[in-house]
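# Structural description and commentary
One-letter residues, chain by chain:
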Amino acid sequence: MANLPPPMPSRRTAPPDNGLAISSLVTGIASIPTAPCLIGGILGVIGLITGIIHLTSRTEGRPLAAVGTALSVGGIVFTGISMMMWYQFVPMIQEQMASFEDLAMGDYSEWVGVRAPEMTVETTDGQTIRLSELKGKRVIVDVFQPWDPDCETQIKNLNALRATVDESELVILGVTAAPEDEVNDFAKDVGCTYPVACVIDMPQPFMDTEWYPTTFYIDRNGVMDAFTIDHQEVEALRELATAADYTGEVSDTPRAPKSELEIADQQYQFTEAWSVTIEGAQALCIGDWNNDGQMDLLVIDRDPVLHIVDTAGEVVTTMPLPGEFEDVSQIQLGTHSEDGARLLGSAQWGSTIAVADARGELAWTYPGSMGVNGAHWIDLDGDGSHEMIAGMNGFSGIHAVDQDGDSLWKIRRVGNVWSQAVIDASGPRPASIFASEAGGSVYVFDRDGNKVRSMRPGKQYTTAIAAEVVDADGRVQAIGLGESMTTGGSRVVAFDETGLVAWSTLTAEDGYATRSSTFASGDIDGDGEREWVFHDAAENLIAVTPDGLQKASLPSNRNVDQFCILSAEDGTTFLITLKNERKITAYRAEPAAPGENPDAPDEPVQQDAEPSESQPADAAEPEADVQSP
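About the cut-offs
- Residues numbered from 1 in each chain as written.
- Predicted model: local features only at pLDDT ≥ 70, side-chain atom pairs only at ≥ 80, totals over all residues.
- Heavy atoms only, no water.
- pLDDT = per-residue confidence, 0-100.
- Contact = heavy atoms within 4.5 Å.
- Patch = residues over 30% accessible without salt bridge, like charges linked within 9 Å, V, L, I, M, F, W, Y side chains within 5 Å.
- Areas by Shrake-Rupley, 256 points an atom, 1.4 Å probe, with all protein chains shown as cover.
- Salt bridge = Lys/Arg side-chain N within 4 Å of Asp/Glu carboxyl O.
- Lys, Arg positive; Asp, Glu negative; His and termini not counted.
- Charge placed at Lys NZ, Arg CZ, Asp CG, Glu CD.
- Helix = DSSP H or I, 4+ residues; strand = E, 2+ residues; numbered from the N terminus.
- Buried < 20%, exposed > 50% of the residue type's maximum accessible area, 1.4 Å probe, protein only.
- Pairing = 2+ DSSP bridges.
- Axes fitted to C-alpha atoms, helices over the stretch in contact; angles between N-to-C directions.
- Core = buried A, V, L, I, M, F, W, Y, C linked by side-chain atoms within 4.5 Å.
- Expected span 1.5 Å × (residues − 1).

### Observations regarding the confidence of the model for the protein chain
- Residues with a pLDDT of 70 or more make up 86% of the protein chain, whose mean pLDDT is 86.
- This stretch, residues 600–629, has a pLDDT under 50; its non-local contacts, to residues over four places away or in other chains, come to 41 contacts.

Structure below.
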C-alpha cells in the first residue's frame, strides 16, 4: 500500500471579534431614548468608550463601531441638553405652581399695619402668654398643624432662629387647634424649643388660616407688619424677625379696600386745547428730549420718524429713526450717562428691543427670541443714568440690561412675564421692579434681581401693571389690570409694595389682555399727588387719586389707541390721546364750576369731526397736519 502524505492541518479562519462594536451600537441606541434621564448619558459614555476601543484595535466590524460611537455621542449630547433644560425649567414650573396655589393659600395683606388682636393662651408647658404684654419685642405667631410636613420644617427653622436671636428681642409662639396630647407628642418629636399653645377659639386673623403653616410677624409696638404662608428658610425668618418697626398708618381693624370709587368734591374737566395729525402714529411717550427742563410729547410713526411736539401742540423737531423702530408700539425716553437722551422702543411680542441715541442713530438692540412683553428704563443704582428691564414671552423671564446693552442678570424661573413696572432708586429708596406672570401673580424684585415677594392683589389674575411714586412723601403705589378670580369681571386694583389693596373698580378693558397703553399717571390738579388715568366700565377715561377718589372723566373714548399725561412748565396738565393712528389730541385739565357736570361731553370729546360754524373761533382753528419727511 502506497504511503500517503499526512493530512494537512485545518486552516479555518476564526470568526471576527465584533463584541465591542456590537456593545457600542447597542448602548448607543439605548442612550438616545434614555437621554432625558442621567442613565442616557451613562450609556452614551459606555458606548463611546467601547466604540473607540474597537476602532483603534480591530479592523473588522468598524462600521458597527462607528455607528455605535456616533449614537453614543448623540446620547451624551442629548443628556446634557436635557439636564440643562431640567435645571432651567423645573424651578420655573415650581414657581408657576406656587403662583397658582396663591389663591388657595389666602391673603392677609389687609392686616399689615393693624394692631395685633389681644390673645391670651396657656402653653403646653404651663405658661400664660398675653400678646399685649409683649410690646418692646418682636413677636412671631406661627399657626401650624401637627400632621403637616411643612409645619415640621417651619418649626425646625424657627428652632434655628431661636438659637441665634435672644429671647429679650424676640418671642416665638406656636398655636394650633389640634388636641393637646397630639401636639405634645409632635412637639417632642420635632424638638420644639419655644412655647406652643392649643387654642380652639383664636381671634382673627389667626383663626382664618387655610394653609399651614401661616406665620404672622408683630413689631415692637404690637403692630402686625408681615405674614408668610408655607415654611420659610432660616435667613428669611431672621430678616423678618429682626426687621424695623412698621412706619405706615396704624389702625385697629383691617382697612377694607374700596370696591368702587368715590367722587371727589372738586371735580376737573378735560377741555380740548389743541390737536395735531401725524399719519401712521403708532407710539407716544413723554420726556425732556432737548434737556431744557421742559417736557415734550414724543411720537413715532410707521416710517419710522420721531416727532417732537411741545406743550403748545407745535411739532418742533422731526428725526428719521433706524428701521428697527418701524413696528414699535411702546417707547420710553431715558438718559445715558455720557450720550444724553436714549429712546427705547419695543413691540408687543416683537423679536427685538431697539435703542436710539439723541442723533436718531441706532445705539444697540437686545434680542427677545420668544417675544418681548415690554421694556422699561430704570435707574437701578440712583446715579441718574438708566438701565433697562425687559419682560420676555415663553420661558425667558425678566432681564436687566445696562445702559450700553450688556446683560446684568436674567430671572428665568418666573417664566412668561406679562407686564413690568419700575421704581427708580432715589436717595434712600432702592429701586423696585414689579412683574406680572403667566400664573397671574405679581412679583417684586430688587435691583439685583432677588425676589422680594410674590402676591396676588385683590385675589385676581393680574396682567398689565404700572407703578409710580405718587406723592412727595415717597409713597409707592402700583396698579394692575386683571380678572377677578372670586367675583368675575375685569377690575383695576391699586396696591402698595406689600400687596395691600387701596381700592379697586370695574373696567371695560379685557382683564386677560395686555395693550401698549393701559395706564397713565400725572398730577392733573397741581396738588403734588399723581393721579391714575385708565378706562372705567363705561369706557370713559377717568383720573383717580391714589386713595380712590375720581377727579375727572373724559367720556366716550372707545377708540383711543394710547394716552399719556403731559405737564407744561406753567403747571398746566394735558391728557394726550392718540386715535386711529393719526389724530393726537390734548385735553387741558381745568376745575369744573360748582354744579357743573364734568361728565357731560363737550363736542370735541364726542367726535373727531371738523368744528361747525357755530363753534367758538378758537375751536374752529384747523388742525396742524404733519406729514413725515
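Next comes the rest of the description.
### Let's talk about a negative patch on the surface
- Negative charge collects at one region of the surface, where Glu180, Asp181, Glu182, Asp185 and Asp189 lie side by side.
- Tracing the sequence through the fold places Glu182 in helix α5 (residues 180–190).
- Here Glu182 falls in the partly exposed class, since its relative accessible area comes to 35%.

### Some points on the pairing of strand β25 (residues 460–469)
- Judged by how many residues are buried, β25 sits mostly within the fold: eight of 10 residues are covered.
- Sheet topology note: the β25/strand β26 (residues 476–484) ladder contains eight bridges and is antiparallel. Of the residues in β26, the one forming a bridge with Ala467 is Ala478.
- Once β25 ends, the chain turns through six residues before running back antiparallel as β26, passing Gly474 with a positive phi of about 85°.

### Examining the side chain of Thr123
- Topologically, Thr123 is positioned in the loop between β2 (120–122) and β3 (128–130).
- If near-sequence neighbours (up to four positions away) are discounted, Thr123 is found in contact with Ile129, Leu173, Pro195, Val196 and Ala197.

### Overview of the sheet that holds strand β4 (residues 138–143)
- Ordered in space as β1-β8-β7-β4-β5-β6, the six strands form an open sheet in which the pairing is mixed. With one partner strand each, in any of the chains shown, β1 (114–115) and β6 (196–198) form the two edges of the open sheet.
- Bridge count between strand β7 (residues 214–218) and strand β8 (residues 223–229): five bridges; the pairing is antiparallel. Paired with Thr215 across the bridge in β8 is Thr228.
- Where helix α4 (residues 149–162) meets the sheet, its contacts fall on β4, β5 (170–176) and β7, and the angle it forms with β5 comes to roughly 160°.

### Observations concerning the pairing of strand β13 (residues 315–320)
- Sheet topology places strand β12 (residues 305–309) next to β13; five bridges connect them, and they run antiparallel. Residue pairing in the sheet places Ile308 in a bridge with Thr317 of β13.
- Hairpin remark: β12 followed by β13, antiparallel, with five residues in the connecting loop; positive phi at Gly313, about 90°.

### Examining the nonpolar core
- Met119, Leu131, Ile140, Val141, Leu161, Val175 and Phe206 are the most contacted members of the largest nonpolar core, which totals 44 residues.
- Only β4, α4, β5, α5, β6, β7, β8 and α6 (234–241) provide two or more residues apiece to this core.
- Per-element accounting of this core gives the leading share, five residues, to β5.
- Aside from chain neighbours lying at most four places away, what touches Val141 is Met119, Leu131, Leu173, Val175, Phe206, Thr214, Thr215, Phe216 and Ile218.
- Counting 17 residues, the second largest nonpolar core, distinct from the first, contains Leu306, Met319, Leu333 and Ala354.

### Re a nonpolar patch on the surface
- Taken together, Ile32, Val73, Val77, Phe78 and Ile81 make up a surface patch of nonpolar side chains, about 380 Å² in accessible area.
- Take Ile81: it is sitting in helix α3 (residues 62–105).

### Considering helix α2 (residues 38–57)
- For α2, which comprises 20 residues, the first-to-last C-alpha distance of 29 Å matches the rise-based estimate of 28 Å (1.5 Å per residue) to within 8%.
- Within α2, the full set of buried residues consists of Gly40, Gly41, Leu43, Gly44, Gly47, Thr50, Gly51 and His54.

### A few points about the sheet that holds strand β24 (residues 451–455)
- Spatial strand order, β21-β22-β23-β24: four strands in an open sheet with antiparallel pairing. This sheet does not close on itself; its edge strands, each paired only once, are β21 (417–423) and β24. Across the sheet, the mean angle from the axis of one strand to that of its neighbour is 20°, orientation sign disregarded.
- Across six bridges, the pairing between β21 and strand β22 (residues 432–437) is antiparallel.

### Concerning the side chain of Thr585
- The topology assignment puts Thr585 in strand β35 (residues 583–591).
- Judged by its relative accessible area of 2%, Thr585 falls in the buried class.
- Beyond its immediate sequence surroundings of up to four residues, Thr585 is in contact with Glu272, Trp274, Ser275, Leu575, Ile576 and Thr577.

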